[in-house]
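Each chain, written out:
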Amino acid sequence: MILAFRVEKVVEQRRTVTIHVNGRPLAAFEGETIAAAMLASGLRIFSYDRDGHPRGAFCNMGVCYECLVEVSGPRGSDKRRVRACQTQVEADLSVRMLGTATARP
Amino acid sequence: MKGAPAQTDVLIIGAGPASLAAASAVLGHNLSITIVDEQLRPGGQFLRQPPRCMQAHNWLDGRLYRPAKRLLQTIEDHPDIDWRFGTTVSALFPDPQPPGIGAAGHSVWLTGAAGMERLRARTVLLASGCYERPLMFPGWTLPGVMGAGAIQTLLKSQQVVSGDRILLVGSHPLQLIVADQILKAGGKVAGVVFSQPALAGGSILQHPGVLFSHFLQFTEIARVFFRLRRAGVRVIFGSAITEAKGTGGVLAATIAPIDSMGGVSGTGTTEFECDAVGLCYGFLVSSELARQVGAEALWSENRGGWLVQHDEWMESTVPGLFVAGEVTGMAGADAAIVEGVIAGMGILRSLGNLDTQQAELGASDHRRQREKNERFARCLADLASPPHALWTGLMAPETIVCRCETVTRQELDDALSVHTHIQTADALKLLTRIGMGLCQGRLCHSTAAQVLSVTRKTSIENVGSFHAAVPARPVPINKLTNT
Ligand code: FES
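As a convention, each chain's residues are numbered from 1 in the sequence order in which they are written. As they are written, the chains are lettered A onward and the ligands numbered 1 onward, keeping that order. In keeping with the predicted nature of the model, local features appear solely for residues at pLDDT of at least 70, side-chain atom pairs appear and are counted solely at 80 or more, and the whole-chain, interface and lining totals rest on all residues. Side-chain measures here rest on the full set of heavy atoms in the structure, leaving out hydrogens and waters.

Trainee: Would you mind going over the overall build of chain B in detail, with residue names and values included?
Mentor: When helices and strands are tallied, chain B shows 15 helices and 22 strands. Taken over C-alpha atoms, the radius of gyration comes to 22 Å for chain B, in line with the 23 Å a tight globule of 483 residues would show. Overall size of chain B, expressed as C-alpha extent along the three principal axes, is 65 × 55 × 45 Å. Expressed as a percentage of the 483 residues in chain B, the buried residues total 61%. Within chain B, counting contacts between residues at least 6 apart in sequence, those at least 24 apart form 65% of the total. Of the accessible surface of chain B, which amounts to about 18500 Å², a share of 56% is contributed by carbon and sulfur atoms. Treating the 41 positive side-chain charges of chain B as one cloud and the 41 negative ones as another, the clouds have centres 4 Å apart. Runs of H or I in DSSP of at least four residues are treated as helices and runs of E of at least two as strands, each being numbered from the N terminus. Each radius of gyration is computed over the set of C-alpha atoms, and the globule rule expresses the reference value as 2.2 Å times the number of residues to the power 0.38. Relative accessibility thresholds used throughout: buried, under 20% of the residue-type maximum; exposed, over 50%; partly exposed, between the two (1.4 Å probe, protein chains only). Throughout, a residue-residue contact means that at least one pair of heavy atoms, one from each residue, lies within 4.5 Å. Residue exposure ignores everything except the shown protein chains as possible cover, and the areas themselves are Shrake-Rupley values with a 1.4 Å probe. Positive: Lys, Arg. Negative: Asp, Glu. His and the chain ends are not part of the count. For the purpose of locating charges, the reference atoms are NZ of Lys, CZ of Arg, CG of Asp and CD of Glu.

Here it is as C-alpha cells:
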C-alpha cells in the first residue's frame, strides 16, 4: 500500500527541501506543510497518546492539535511545539514526534 | 509589547468568503481595515489556497467555486487592507474607551510569528467559519481517520491525496464533491457511505421553491453523483461506519446498516479496505470568540451547534460585534458572501459612514437573497444530518471522546453515575478533564453535551456549552512572557 501521495502533474516545478523527522531525512517541497510532507512520505503517526496509541492529523486546519510536533532549527536551536498542518517546511528543520508507543505508567 | 496598541476601524476575523465580501463592501469609505487569519493566504477553508510557490493550474475549477473565486481575485493583495496572516486571535474583549466616536469598540490579542500584540478596533466582524463535527466510534482516533474537510484541504492547498484508497462516510453531500475531487486527482475512492436512506434526497422535491432558487447546487451534486457511479465508485445509503481497524493507522473500516432512528443492526455489515477515512457528518461553527464576550448564542442541532444570534444588520447582542457566514448557522459560501455584504452595510451604518436609508439600500437585495439562502440551508441541514442517536450510539466504553486529554466514554459514564449532581458540560469538564486540552473542547464539546443530555434526559440548552475561555487558542509560554 502506498498511502498518501502528491499530485505531481498539476504543480509547477518546485524546489526540494530536506527536513528531518525523528532523526531521519525526509524529502519535501517548498511550500508544503510538515503534515503534508510527512503524509506524502507515508508517515501517518504524528504522536502517541498517554496509553501509547498512535494519533495522526485529523482536521488539517489548525483546530484539533492532533498534529502537534516538536520542531527545532540547526543544532537544536529554537525548539518549539507547532501544529504540523499549519507550519511550512524549511531547510534543516528537525521534527520530533511527541509521546512514545508504550503506555505511561 | 511596547508602545500604544495599534488601532483599526474595522477588524475582520477570518479571511473566508464572508470576510472578503464584507471587506469589499466597506472599502472606499476611508476606513482602516484589518483582516486576521490563521492561514497564510485569504480564501478560508472553502477557497483554501496553495502557497504561492505551489500554483496548481487546476485549482478549484468546479462551477460551485466561481462566484467566491471572483471575489477572491478582486480583493487578494488589496493595498488598502492590513492583512495579518498566520495570526490567531487569542482573546477578544470590550474596550471601555474605544478609539474614535460612534462605535462600541473591542480590543483583541493577536498571536503571530512575531509574538503577541494588542489591537483596538472600532468595530469587529467575526466570520471565523466552521470545522468538521466528528462522529465518534471505535477506532476513530487511528491515524488516517480524518475529517472529510481535511482530505479536501490537503488536496486543495497542498496537492496531496490523503490515501491510496479513501473511504468517505457521512451524511452531508459534501462528501460526494470530495470523492469527485479525489478521483480527479488520480486517487481511488473505496466508497461513499450515507447514513440516510436513498430516498431521503428525493424529499427535496417537497420544497420546489428551494429547488428552484438553488438549482445550480442540486444539478452540480447530481452530476457528481452520476460521475462517481460511472467511475464505479460504490455509493451506499442507510449505513454508518461502526469501526476503523488497523495498527499504526487505519487499514479497514466496517460499515453497518442503520435504521431511521440511528440504531445499528448487527447483521449485513460490510468491510472496506482503506488507508484513509473521511468523516462528513456535518460541521460545528467557530463561535468561541463571540461567546467569550458574552454574545448570545443558541443551540441548533443541525445548523452547526452554538450559533451567534444577530439583528438585521448582522450585529450580535454585543454592540460593535458583527457576525457573518457559518457562525450564524451553516449555509455555505454563497450565503456567507451575502451575509458579509449585509454586515458590511451594518458596519458602515454603525460607524456613521452611511445613514440608515443608504445602508438599507445597499443591503436590501442581499436581505432578500439571504431569506432564500436560509430556506435552502434549513432544508439542507435537516436532510444532511444523521439521526441524533448516532452521535452517541456508536461508541464503545474505551472509545476516546476527548482526544487531547484521552478521556473515554467509560470515564464519562462512570463520572455521571457516581456524581449524580453533575448537570452541566462545565461541571463534567471539571470532573473528568474533558475539553481541557489544547483544542479547548472544540472537537468534543457537542458529543460531551449530547452524552450528558441523553444520560440526564435533558436538553442541550440545559447542559450548556463549555465556558469559552481566554485565551481562545493555546499561546506558547514564551509569547505570553514577552508581552
Ligand atoms: S491536524 Fe488538526 S491542528 Fe493540525
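Next comes the rest of the account.
Trainee: Quick one: what's the story with the nonpolar core, residue by residue and with numbers?
Mentor: Of all hydrophobic cores here, the largest spans 101 residues; its most connected members are Ile34, Phe46 and Val95 of chain A together with Leu125, Ile182 and Val192 of chain B. Per-element tally for this core: the top contributor is helix H8 (residues 333–350) of chain B, with nine residues. Here the bounds of each domain stem from an automatic or database domain assignment. Two domains each put at least three residues into this core: domain 1 (6–131 + 284–381) and domain 2 (134–281) of chain B. When neighbours within four sequence positions are excluded, Ile182 of chain B is seen to be in contact with Ile151, Leu155, Val161, Ile166, Leu168, Gly187, Lys188 and Val189 of chain B. For our purposes a nonpolar core is just a set of buried Ala, Val, Leu, Ile, Met, Phe, Trp, Tyr and Cys residues, chained together by side-chain atoms within 4.5 Å. Ranked by size, the runner-up nonpolar core spans 59 residues in total, among them Val145, Phe272, Trp306 and Ile460 of chain B.

Trainee: Tell me about the sheet that holds strand S8 (residues 145–147) of chain B, and name the residues and values.
Mentor: Residue and element names in this part refer to chain B. We call two strands paired when DSSP finds no fewer than two bridges between them. Strand order in this open sheet of five strands is S8-S16-S10-S11-S12, and the pairing throughout is parallel. The two strands at the open ends of the sheet, each matched to only one other strand, are S8 and strand S12 (235–236). Here strand S10 (residues 165–170) runs beside strand S16 (residues 276–280); their pairing, made up of five bridges, is parallel. Paired with Leu167 across the bridge in S16 is Val277. Note on geometry: axes are C-alpha line fits, over the in-contact stretch for helices, and angles between N-to-C directions span 0 to 180 degrees. The sheet strands contacting helix H3 (residues 148–158) are S8, S10 and S16, and the helix crosses S8 at an angle near 80°.

Trainee: Residues and numbers for the domain arrangement of chain B, please.
Mentor: Residue and element names in this part refer to chain B. We note that the domain assignment places domain 1 (6–131 + 284–381), domain 2 (134–281) and domain 3 (395–463) within chain B. Of the residues lining the interface, six residues belong to domain 1; the matching set on domain 3 comes to seven residues. Values labelled buried area give the accessible surface lost by two parts on being combined, using a 1.4 Å probe and summing over both. At the boundary of domain 1 with domain 3, total buried surface from both sides reaches about 700 Å², with 60% on carbon and sulfur atoms. The three residues of domain 1 that bury the most area against domain 3 are Tyr131, Trp299 and Trp306, which together make up 62% of that side's buried surface. A salt bridge links Arg442 to Glu288, with the shortest nitrogen-to-oxygen separation between them at 3.4 Å. Counting of polar contacts relies on pairs of N or O atoms within 3.5 Å, with two restrictions inside protein: one atom must be capable of donating a hydrogen and the other of accepting it, and residues adjacent in sequence are counted only when both atoms are side-chain atoms. Our count for the domain 1 to domain 3 interface comes out at three residue pairs in polar contact (both at pLDDT 80 or more). A carboxyl oxygen of Asp or Glu within 4 Å of a side-chain nitrogen of Lys or Arg is what we treat as a salt bridge.

Trainee: Describe the pairing of strand S13 (residues 239–245) of chain B, listing the residues and the values that go with them.
Mentor: All names here are of chain B. Taken across its seven residues, S13 has five buried, putting it largely inside the fold. One ladder, built from six bridges, connects S13 with strand S14 (residues 252–257); its direction is antiparallel. Bridge pairing in S14 links Ser239 to Pro257.

Trainee: Can you tell me about the interface of chain B and chain A, naming the residues and giving the values?
Mentor: Taken residue by residue, the interface counts 56 residues in chain B and 42 residues in chain A. The contact between chain B and chain A buries some 4000 Å² in all, and 58% of this surface belongs to carbon and sulfur atoms. If you look at where chain B meets chain A, you find three salt bridges. Note that Glu66 of chain A is salt-bridged to Arg403 of chain B, the shortest N-O span being 2.8 Å. At the junction of chain B and chain A, the tally comes to 16 residue pairs in polar contact (both at pLDDT 80 or more). Within the residue set of the side of chain B that touches chain A, elements represented by two or more residues are strand S7 (130–132), S8, H3 and strand S9 (160–161) of chain B. Among the elements that take part in the side of chain B that touches chain A, H3 of chain B stands out by supplying five residues, more than any other. Split by residue class, the side of chain B that touches chain A holds 27 nonpolar, 19 polar and 10 charged. Relative to S9 of chain B, strand S1 (residues 5–6) of chain A is paired through two bridges, and the arrangement is antiparallel. From the neighbouring strand, Phe5 of chain A faces S9 of chain B, where its bridge partner is Val161 of chain B. Note on residue categories: nonpolar means Ala, Val, Leu, Ile, Met, Phe, Trp, Tyr, Cys or Pro, charged means Asp, Glu, Lys or Arg, and polar means any other residue, Gly included.

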